[in-house]
Amino acid sequence: MEARTEKIQRFLRILSELMDGKYSTAEEKISEALEALAASNDLRELFTAVAKGFDYPAVRAACLRFPAYKGAAHGAAYLPAERKDILAFVFCLFMEIDRGSLSLGDFLLRYFYVDGSYTAGFLLFSDRMVRPFAEILKDCFPEAAKGGDSPLGELSVRLAAEPARLQRFGLHEEEQAAADLILGELKDAVTRGDVSDIAALLAGYRYLLRYIGGEDEESAALFSTVARL
């Protein structure tokens, strides 16, 4: 049961990273999300169910609207009314973006235009489409949505706080670079749920913290989480 929940939590974490991330990494995160979805039997069953009888071309035409008048440059995007159709619609959009049949940049400029900024358009897309999609999924899997209640979820939260904590120790440039590298790899390993890689990377991170005098109660709590993985 825990393994099933962890797979759903991984998917939800990637969606959070997608929404909190940058336009430049969005396509990569969408691909990661689809890979995480494919790895979970529960998610596959859910999306198989919501896709049954779903007419994507018709819903796409109804939700992605473009003015009929000549010279129009920008349209508007809407979500379907039904929750199950929202899941199916956003999933299909992700699939189009992932396989390259829909350019994310063109999509944002056409339906989420904000002064020609990809970044602002992506934030609008995340807020209006990805966030409702993620919230519905959390309702579908309330135990997984707790996130922080699991060791991986707690570890993810503690790792996110590490960059700010390290600022207290006045790191030299090469020390900061090493910390950024390890924390980045740790974040990826947590997203994958790869316990072996997490343990190996944290061993190196522990050595780095000792070297820079960066051990305290917060770092001790971080390492104690690993024992429960």
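Further up the page is the structure itself.
Residues numbered from 1 in each chain as written. Predicted model: local features only at pLDDT ≥ 70, side-chain atom pairs only at ≥ 80, totals over all residues. Heavy atoms only, no water.

A. Quick look at the nonpolar core. In this structure, Leu15, Phe47, Phe94, Phe107 and Leu137 are the most contacted members of the largest nonpolar core, which totals 49 residues. Breaking this core down by element, the ones donating at least two residues are α1 (2-20), α2 (23-38), α3 (41-51), α4 (56-63), α5 (83-99), α6 (104-111) and α7 (118-140). A total of 10 residues in this core trace back to one element, the largest contributor, which is α5. Contacts of leucine 137, omitting those with residues within four sequence positions, involve Phe11, Leu12, Leu15, Leu43, Leu46, Phe47 and Leu87. (Core = buried A, V, L, I, M, F, W, Y, C linked by side-chain atoms within 4.5 Å. Buried < 20%, exposed > 50% of the residue type's maximum accessible area, 1.4 Å probe, protein only. Helix = DSSP H or I, 4+ residues; strand = E, 2+ residues; numbered from the N terminus. Contact = heavy atoms within 4.5 Å.)

B. Looking closely at the side chain of glutamate 96. Relative to the assigned elements, glutamate 96 resides in helix α5. At 2.5 Å, the side chain of glutamate 96 forms a polar contact with the side chain of tyrosine 56. Contacts of glutamate 96, omitting those with residues within four sequence positions, involve Tyr56, Arg60, Ser101 and Leu102. (Polar contact = N/O pair within 3.5 Å; in protein donor to acceptor, adjacent residues only side chain to side chain.)

C. Looking closely at the layout of surface pockets. When its volume is computed, the largest pocket comes out at roughly 830 Å³. If you trace the largest pocket, you find 30 residues lining it, with Arg13, Glu17, Ser156, Ala160 and Lys187 closest to the centre. For the lining of the largest pocket, the secondary-structure elements that each account for two or more residues are α1, α2, α8 (142-145), α9 (151-166) and α10 (173-192). Of the residues contributing to the lining of the largest pocket, the split by class is nine nonpolar, 10 polar and 11 charged. (1 Å grid on protein atoms, 1.4 Å probe; cavity = no way out; pocket = protein on both sides within 12 Å on 5 of 7 lines; lining within 4 Å. Points joined across faces, edges and corners; volume = space filled by probe spheres on them. Nonpolar A, V, L, I, M, F, W, Y, C, P; charged D, E, K, R; others polar.)

D. Spatial organisation of helix α12 (residues 217-226). Those residues of α12 that sit buried are Ser219, Ala221, Leu222, Phe223 and Thr225. On the buried face of α12, the contacting elements are α9 and α11 (195-212). Looking at where α12 begins, the residue whose side-chain oxygen comes 3.0 Å from the main-chain nitrogen of glutamate 218 is aspartate 216.

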